[in-house]
Amino acid sequence: MSWIVTNIWLIPAVPLAFSLLILFLSSSRRAAAAGAAIIGQIIALGFSILAFLPTLQAPGFRAVQSFTWFTFGDQALRLGWVLDPLAAAMLIMITLVGLCIFVFSVGYMAGDKNFTRFFAYLSFFSGAMLGVVIANSLLLLFVSWELVGLASYLLIGFWIDRPSAAAAAKKAFITTRIGDLGFFLGMLWLYHTSGTLLFYDNGNGALEPSGLLKIGSSATLVALLIFCGAVGKSGQFPLHVWLPDAMEGPTPVSALIHAATMVAAGVFLVARVYPLFSLGAVNGVTPSLMVVISIGVVTALMASLIALAQFDIKRILAYSTVSQLGLMMVSLGVGGVAAGIMHLLAHGFFKALLFLGAGSVIHGLHHEQDIRKMGGLRWIMPVTFLTYTIGMMNLSGVPFFFSGGWTKEEILHRTAEWPLSRLPHYLMLAGVILTALYMTRQMIYVFFGRKRETSDAHESPRVMTMPLIILAVCSIILAIVLTPAWPWLHAYLNGEPARLDFGALIQPMLFLSLLLVAAGIGLAWLMYRNAGETDPLARAQPGLFRFLGQKMWIDEFYEHTFIAFSRVVAHLSDFLDRYFWDGLVNLFSGMGQAFAVLSKGFDDHAINARVDNTTAGARRFGRLIAARHSGQIQAYLGAIAIGMLLLLVLYAWLA
Amino acid sequence: MNATAFIVIAIITIAGALAAATLPKLIHAALSLVIVFVGIAAYFFLLGAEFVGLVQVFVYVGAVAVLILFTILLTRRDIVSERGINWGGVIVALAVFGGLLWIILNTTSLAVLAPQFEPLTVKQIGESLMTDYVWPLQCVGLVLTVALIGALILVMEEKIER
Amino acid sequence: MTSTLQLFLIVSSALFSIGLLAALSRRHAIFILIGIELMLAAANLNFIAFWRFGSQPQPPVGVMVAIFSIAIAAAEATVGLALVIAIYRHYRSTNVDQLNQLKG
Amino acid sequence: MSQSLDQIFVSAKQWILSLLSGTPDWVTTIVSILINISALLGVFLTIFALISVLERKILGRMQNRYGPNRVGPFGLFQPVADGIKMLIKEDVVPARADKVVHFLAPILVAATAILTLGVIPYGRNMTPFAIDGGILFFFAVGSTTELAVFMAGWGSNNKFSMLGAMRAIAQMVSYELPLIVTTLPVVMVAGALSPDAIIAAQDGYSFGIVPHWFVTTPWGAAAFILFFVSGLVESNRTPFDVPEGESEIVAGHMTEYSGFKYATFFLAEYFGMFAISGLAVTLFLGGWHAPIAVLQFIPSYIWFFLKLSALLFVYIWIRGTLPRTRVDQIMNFAWKFMLPMAFTCIIAAAVWHYQGRGLAGWLWSLAVITIVYLTLSLLLETKKKFAPRTYRFVE
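Throughout this document, residue positions are counted from 1 along each chain, in the order its sequence is written. Whichever chain is written first becomes A and whichever ligand is written first becomes 1, with later ones labelled in order. Note on the predicted model: pLDDT of at least 70 is required for a residue's local features to be given, and 80 or more for side-chain atom pairs to be given and counted; whole-chain, interface and lining totals, by contrast, use all residues. Neither water nor hydrogens contribute to the side-chain values; these are computed over all heavy atoms in the structure.

### Structural notes on the overall build of chain D
Only DSSP runs of H or I with at least four residues qualify as helices, and only runs of E with at least two residues qualify as strands; both kinds are numbered from the N terminus onward. Looking only at helices and strands, chain D has 15 helices and two strands in total. The rule is simple: take the accessible area with a 1.4 Å probe, protein chains only, and divide by the maximum for that residue type; under 20% is buried, over 50% is exposed, in between is partly exposed. Across the 395 residues in chain D, those meeting the buried criterion constitute 50%. Contact criterion: two residues are considered in contact whenever any of their non-hydrogen atoms come within 4.5 Å of each other. Nonlocal contacts in chain D, meaning residues at least 24 apart in sequence, comprise 75% of its contacts between residues at least 6 apart. Using a 1.4 Å probe, accessible areas were evaluated by the Shrake-Rupley method; residue-level cover was limited to the displayed protein chains. Accessible surface, chain D: about 19,600 Å² in total, of which carbon and sulfur atoms supply 70%.

### Some thoughts on the overall build of chain A
Within chain A, the secondary structure is distributed over 27 helices and two strands. Considering chain A as a whole, with its 655 residues, one finds that 54% of them fall into the buried category. In chain A, of all internal contacts separated by at least 6 residues, the share reaching a separation of at least 24 is 77%. Carbon and sulfur atoms provide 70% of the accessible area of chain A, an area that totals close to 28,100 Å².

### Side note on the interface of chain D and chain B
If you look at the interface, chain D gives 22 residues, while chain B gives 23 residues. The three residues of chain D that bury the most area against chain B are D:Leu136, D:Leu147 and D:Trp154, which together make up 28% of that side's buried surface. We count a salt bridge whenever a side-chain nitrogen from Lys or Arg sits within 4 Å of a carboxyl oxygen from Asp or Glu. One can count zero salt bridges joining chain D with chain B. Throughout this description, a polar contact denotes any pair of N or O atoms lying within 3.5 Å of each other; where both atoms belong to protein, one of them has to be capable of donating a hydrogen while the other can accept it, and for residues adjacent in sequence the pair is counted only when both atoms sit in side chains. Summed over the shared surface of chain D and chain B, the result is two residue pairs in polar contact (both at pLDDT 80 or more). Looking at the side of chain D that touches chain B, the elements with two or more residues in it are α6 (134-142), α7 (144-155) and α8 (159-190) of chain D. Ranked by residues supplied to the side of chain D that touches chain B, first place goes to α7(D) with six residues. The classification used treats Ala, Val, Leu, Ile, Met, Phe, Trp, Tyr, Cys and Pro as nonpolar, Asp, Glu, Lys and Arg as charged, and all other residues, Gly among them, as polar. For the side of chain D that touches chain B, the per-class residue count stands at 15 nonpolar, four polar and three charged. Buried area: the accessible surface (1.4 Å probe) lost by two parts on joining, summed over both.

### Points about the pairing of strand β2 (residues 75-83) of chain A
Residue and element names in this part refer to chain A. In short, DSSP must find at least two bridges between two strands for them to pair. Note that strand β1 (residues 63-72) and β2 share nine bridges and pair antiparallel. Counted as the bridge partner of Thr 68 is Arg 78 from β2. Counted between consecutive antiparallel strands, the loop separating β1 from β2 contains two residues, among which Gly 73 sits at a positive phi close to 60°.

### A look at the packing of helix α10 (residues 218-234) of chain D against helix α12 (residues 259-284) of chain D
Residue and element names in this part refer to chain D. Angles shown run from 0 to 180 degrees and are taken between the N-to-C directions of axes, each axis being a line fitted to C-alpha atoms and, for helices, limited to the stretch in contact. Between α10 and α12, whose axes approach to 10 Å, the crossing angle comes to 170°. Taken together, the axes of α10 and α12 lie roughly antiparallel to each other. Every residue of α12 that contacts α10 at Gly 220, Ala 223, Phe 224, Phe 227, Gly 231 and Glu 234 is listed here: Ile 276, Leu 279, Ala 280, Leu 283 and Phe 284. Grouping the constituent residues of the contact of α10 with α12 by class yields eight nonpolar, two polar and one charged. Working definition: roughly parallel below 35 degrees, roughly antiparallel above 145 degrees, roughly perpendicular at 65 to 115 degrees, and oblique for all remaining angles.

### Some thoughts on the interface of chain C and chain B
The interface is formed by 72 residues belonging to chain C together with 79 residues belonging to chain B. When the two sides are added together, the surface that chain C and chain B hide from each other amounts to roughly 6,900 Å², 78% of it contributed by carbon and sulfur. Sorting the residues of chain C by area buried against chain B places C:Arg52, C:Phe68 and C:Ile70 first, and these three jointly supply 9% of that buried surface. Between the two partners, chain C and chain B, sit zero salt bridges. Counting across the chain C and chain B interface gives two residue pairs in polar contact (both at pLDDT 80 or more). Elements supplying a minimum of two residues to the side of chain C that touches chain B: α1 (4-25), α2 (29-53) and α3 (61-91) of chain C. For the side of chain C that touches chain B, the element with the most residues is α3(C), which contributes 23 residues. The class makeup of the residues in the side of chain C that touches chain B is 50 nonpolar, 15 polar and seven charged.

### A closer look at helix α16 (residues 337-364) of chain A
All names here are of chain A. Between the first and last C-alpha of α16 there are 39 Å, a value that for 28 residues agrees with the 40 Å anticipated at 1.5 Å per step. Fitting axes to the seven residues ending at a residue and to the seven starting there, one defines the bend at that residue as the angle between these axes. Its axis deflected by about 30° at His 347, α16 carries its strongest bend there. Across the 28 residues that make up α16, a large majority, 27, are buried. By this rule the span expected of a helix is its residue count minus one, scaled by 1.5 Å.

### Re the packing of aromatic side chains
Residues and elements named next belong to chain D. Between rings of Phe, Tyr and Trp, where Trp is taken as its six-membered ring, a pair exists when centres lie within 6.5 Å; planes separated by under 30 degrees are stacked, by over 60 edge-to-face, and by other angles tilted. Throughout the structure, instances matching the rule amount to 46 aromatic pairs over all chains. Plain terms: the ring middles of Phe 48 and Phe 266 are 6.2 Å apart, the flat faces sit at 70° to each other, and that makes the pair edge-to-face. With a gap of 218 residues between them, Phe 48 in helix α3 (residues 25-62) and Phe 266 in helix α12 connect regions that are remote in the sequence. Phe 48 gets classed as buried once you look at its relative accessible area, which sits at 15%. Among the aromatic side chains, those forming a connected cluster through ring pairs are Phe 44, Phe 48, Tyr 122, Tyr 262, Phe 266, Tyr 270, Phe 271, Phe 274, Phe 304 and Phe 305.

### Description of the pattern of salt bridges
All names here are of chain A. Applying the stated criterion across every chain, the model contains eleven salt bridges over all chains. Between Asp 574 and Arg 578 there is a salt bridge, with the nearest N and O atoms lying 3.4 Å from each other. Within this pair, Asp 574 and its partner Arg 578 are both found in helix α26 (residues 554-628), separated by four residues, close to a single helical turn. Beyond isolated ion pairs, a larger network of salt bridges with shared partners links Glu 146, Arg 177 and Asp 180.

### A short note on helix α15 (residues 359-380) of chain D
All names here are of chain D. Taking 1.5 Å of rise per residue, the 22 residues of α15 would be expected to cover 32 Å, and the 31 Å separating its terminal C-alpha atoms lies within 8% of that figure. Within α15 the residues assigned to the buried category are Gly 361, Ser 365, Ile 369 and Leu 376. The arc enclosing the buried residues of α15, seen along the axis, measures out at 60°, which places them on a common side. In α15, those exposed residues whose orientation departs by more than 90 degrees from the buried face are Leu 359, Ile 371 and Leu 378. Taking the helix axis as origin, the arc is that swept by the directions to the C-beta atoms.

### Here's the deal with unusual backbone geometry
Residue and element names in this part refer to chain D. Unlike most non-glycine residues, Asn 125 shows phi in positive territory, near 60°. Here Asn 125 shows up in the loop between α5 (99-117) and α6. For Asn 125, a relative accessible area of 59% gives the class exposed. Unusually for a residue other than glycine, Asn 157 sits at a positive phi of about 55°. Mapped onto the elements of the fold, Asn 157 is located in the loop between α7 and α8.

### Observations regarding the confidence of the model for chain D
The predictor reports its confidence for every residue as pLDDT, a score running from 0 up to 100. When pLDDT is averaged along chain D, the result is 84, and 96% of the positions lie at 70 or above. The ipTM for the predicted assembly is 0.67, set against a pTM of 0.56.

### Comments concerning a nonpolar patch on the surface
Residues and elements named next belong to chain D. Residues enter patches when they are more than 30% accessible in relative terms and free of salt bridges; like-charged ones are connected within 9 Å and nonpolar ones (Val, Leu, Ile, Met, Phe, Trp, Tyr) within 5 Å. Taken together, the side chains of Leu 50, Leu 54, Val 71, Phe 74, Leu 76, Phe 77, Val 80, Ile 84, Leu 87, Ile 88 and Phe 260 make up a nonpolar region of the molecular surface, amounting to roughly 1,100 Å² of accessible area. Breaking the nonpolar patch down by element, the ones donating at least two residues are α3 and α4 (78-88). It is α4 that provides the largest number of residues to the nonpolar patch, a total of four residues. Among the structural elements, Phe 74 can be located in the loop between α3 and α4. The exposure class of Phe 74 is exposed, given its relative accessible area of 65%.

### As for the side chain of A:Ser126
Residue and element names in this part refer to chain A. Following the sequence through the fold, Ser 126 ends up in helix α5 (residues 115-134). Accessibility expressed as a relative area gives 3% for Ser 126, which makes it buried. When near neighbours in sequence (up to four residues on either side) are disregarded, Ser 126 contacts Pro 15, Gln 41 and Phe 102.

Shown next as structure tokens:
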């Protein structure tokens, strides 16, 4: 047993400590801040690798440390952390992607005046996210979860002088808070039914058989409430609206939070408490899982469609993130936990890669984000172009060499095997085409075609391209452990040994999806090859394009329903307050005043006369005393001495 | 107990004290105060409390007296005209002395001769300070620190904005 | 028969009274401090004398008290003199007759 | 043989006292005290005379000239001539001076200097005034010097005198702290305040050649250097002779003294230097112990005075080498560097002690001192750029 297994809390603690350290640096110590953040991340990565190694030794490894936080009455509130393949894989992904993004940020944020603060927040975020991953208690997870939310709020609103950034930060915070309310209620309910918040506790945890037995029929409710939190954090429909707006933050933040890690927390949460979802499954189907699937499907398709009609390079990626998260949810819903997590890990790498690539493009074009104003960057930014292409292949789901392809394939398999209906499967296949379509569209707009208003574009510095290359290589290497021929990661996550089987490579489904991807890319190539200022789709279907371009008017829908409703309620309350309650209050106060007038008359004539006499006497006495109060220290000292003398006399007289 | 030593020290000490209390010039009074301190330290030696005597010299002569002299220098422009003999103070002081004397002379339970004793070594004092008296010691350290900082803040130049 | 301890007590009470005299009758604030130092020294002498003439052997209580009292006296002198300087800066005077802002 | 040679002075005193057997006790006591005092005065007045001429000669050599060489062989009678000159000079007392204080100051300064010499062990069983708290006595009496300096400055009723006295007191008070704090590790390790016990704690040799002096430990070496520098300040020697720097402030608190009183000040200053050096020898350099085991046959007092002379030579050497520092530099150095380093020595000594006083403790305490030293050096590094110097004249 390695020492890190028992001290796994060190992994989140290190970035948190470094974050505090950086916060105390003066804002001119830029190199120190960046260095500290990167060193903290490297240490966390090292610890994560150390923690990863023991999990390889035995399939289904799980180490749990729990301790009592405090006790009220006879109820002990216990917290703890857990190390299992799920956590270990997430740790590696978060720290590695995080490290790349930290390094990238050094270049991207080079000109910013709040450089040190940025790195403090990044480190803080990293620590909080690692805390989510290793938590063995729903409460600890919730605490870290909220810290992640806080970090996200701080980072989205990092450019506080921009009103749009501040609004986006607020929106993200409030929207996720709606989900977190559900999460919190779910937690309370879980504690009520099972009496513990620990996941694993030597057979007594909430996720272990005895705990699940106690939960019994309320599992659906608990699972759905907890799923609310996941919906909020992972940007699932109907709470997805904050995620595209969150692109107001600096691009490394988008890469770190809104692609690779934080949004993955929702998926991770569902995977972590999966036993609650699948409790009492008939044929692998429970009501809660049904909800998960429906939400996932709706989210995935809707986001892909919206992505087709966006012109902001980061916004397209944001919607693709939403759709990929929906895909993961579907995977979890149909029972493919390992597949979902694998996609989550792969997605972490290639989406960070894509976002950083987009960041590199934006940086090279002096903060231009509109893809209509880009083009022909293929030769100007070769490294960015190559790595971006790899990321795009991953996202589009091209199998064989790209991890994203294999994991997406796996998810499609799982949906196909769902016993209830084939509908999710078909919809996901449609999603594959759409993904290929919008990604190719973006590629063509940005990297091919004529140069548009990109007169002084330049390739980014080495410190920014190196992370891109590392992430690209990682996403390709990851493909090796993902092939169906040697499904090592799948086996690792499921806690069973991996077997080599080349036969698994040849499957009809694989060719189907390959065909679909090729169709999507080809279609896009045909459509957008000669695209001019107006989008071809907009020309063909202006109504539909506007509908999609305006994000299906969901924000507006919320504006006119929920927000309008609360406004009406507020007005109503205001009216009630002003006229009804105020009237009551005024009535009472009038009564009080009348009584006061009465008692004043009584006071003045009956009582005060006596009191005045007494006070006059007291005042005369006070003047008498005050005359002795000369303010002279020595007079006081003399008085003390005389007092001492009197005491002496008294003593002598008594003795 | 050495009677000669006792009487000589008593004369010097009380003369010094009278000088300290009555001399018109502040500096002379402060220097007479030093004589009193040294005299009391001599009494401590006579009573077998060498360590306290040394501490007395160290603290009072080396530190407090110098402090008083510095303060006199820093406030030298203020020459306070004395108001002549303050008979009230003299009478109170004499009365207190008389009362104390009367009490002392009338108390019969006091030891006549000092008992034999082992001289107190520095080591014993140190051990007491570090065991039974460790908390008072810490408190005194704290008090001294606070006094130091407080005195510094009190005498710091006030910034006059012009 | 006057005991030896009584002699010490008489000397210390004389010192105390002289200190009191200085504190009561002089106008300069530093004289008051000098008087207080005299009184404290007299008290210390009492502590040591009582300890020495108490039954032997006994724990060094008197010595301890004297040591602490010396330390406290040092702190007192520091703060007192700092106060004198501060008062002097403020009123341009160290005459205690003029410092009667506390007058009731 | 060597034993009797070592104790020859002790035996001589015993013999004189034995002549008085039969007389009352107090006579013996007083005679014993008188013997001690006269021995002290005799020895140190001789050393003073020698040093005053040697200093001028050594300084002369360092400055590529001869120094006094006219009176007697090699100018050795120079101090006699100086003394006679001082004694027959007119004793000038300023008209506005505070006569009593002016008169008492040199007496007090000389008395304290001689008293401090009393507690130092000059050889085996050769401590003139052996008391339990000898080190404390040294510092208690030594702190009285400040009072004397103040009296001299104030009593003269002269601006230069007063300024010089203030400077002297300020720097003496500041450096008294490091001086005392650096003795604490020694007192801690020896477990005693008495000089004899401290010397006894430094007895013994490793491998017969490395003496167990405290200066051979890292904390001891550091404390010794700090102590020596503080001692330089306490005795107002160059490079810390700001209070009496001739080119700045005439002669500081001694400006208004002449003739014999001036000579007394001069003497007290040198006696103070002897006392500090003697204490340094006692605390750190093993007192009267021989440096290697083989040389133990040489009498102890010879070793003591050899070490003392070595230290005195360093004093003179420094005077011939270093320029005078500024007042603010002296103060900053005391509070920002000396005092923290002195406290570090205490910690290092504690580390050394609790590591079992072996090699491990040696290395650990070296590490502690080095780390703090480097940190302080980094922190105190002045980032001030050198600019053309501007002079502000007296307003």
